[in-house]
Amino acid sequence: LTIELFSQVRQALGAPEKALMAFAEKQFVYVLQPDSKVQKREVRLGRRDAGWVEIADGLTDGEKIVVDGLLELRDGIKVRLNDSPAADPGDEKKAD
């Protein structure tokens, strides 16, 4: 008995599952904009694997998404990255 397995190499965008928010059977992520505000964006999912999910549509390579503190966010809120100081921490949320 001989078994041959074939696979194709494919490139895809991936994100941690914890970055996803579900609402009415749709999936969303918060995308960091150049002005440090977040935009809630619907994404279409592909394959899932051990805490990661393929983003089949809705993001482009190089975009940054928020992975922690999602429950505190809303569309258009200003955030700061953990590794960069905020100009005015009083009105900003922390993002990863």
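The structure we're discussing is the one just above.
Residues numbered from 1 in each chain as written. Predicted model: local features only at pLDDT ≥ 70, side-chain atom pairs only at ≥ 80, totals over all residues. Heavy atoms only, no water.

> Account for the sheet that holds strand β2 (residues 21-23), with residues named and values stated.
Across the sheet, 5 strands lie side by side as β1-β5-β4-β3-β2; this open sheet has antiparallel pairing. Each edge of the sheet is formed by a strand with only one pairing partner; in this case those strands are β1 (13-16) and β2. Taken pair by pair, the neighbouring strands of this sheet meet at an average axis angle of 55°, ignoring direction. Sheet topology note: the strand β4 (residues 38-49)/strand β5 (residues 52-57) ladder contains 4 bridges and is antiparallel. Each bridged residue has a counterpart across the sheet, and for Asp49 the counterpart in β5 is Trp52. (Pairing = 2+ DSSP bridges. Helix = DSSP H or I, 4+ residues; strand = E, 2+ residues; numbered from the N terminus. Axes fitted to C-alpha atoms, helices over the stretch in contact; angles between N-to-C directions.)

> Explain unusual backbone geometry to me, and be specific about the residues and the numbers.
In this structure, Ala24 takes a positive phi of about 50° despite not being glycine. A relative accessible area of 61% places Ala24 in the exposed class. We note that Glu25 has phi near 65°; this positive angle belongs to a residue other than glycine. One can find Glu25 in the loop between β2 and β3 (26-32). (Buried < 20%, exposed > 50% of the residue type's maximum accessible area, 1.4 Å probe, protein only.)

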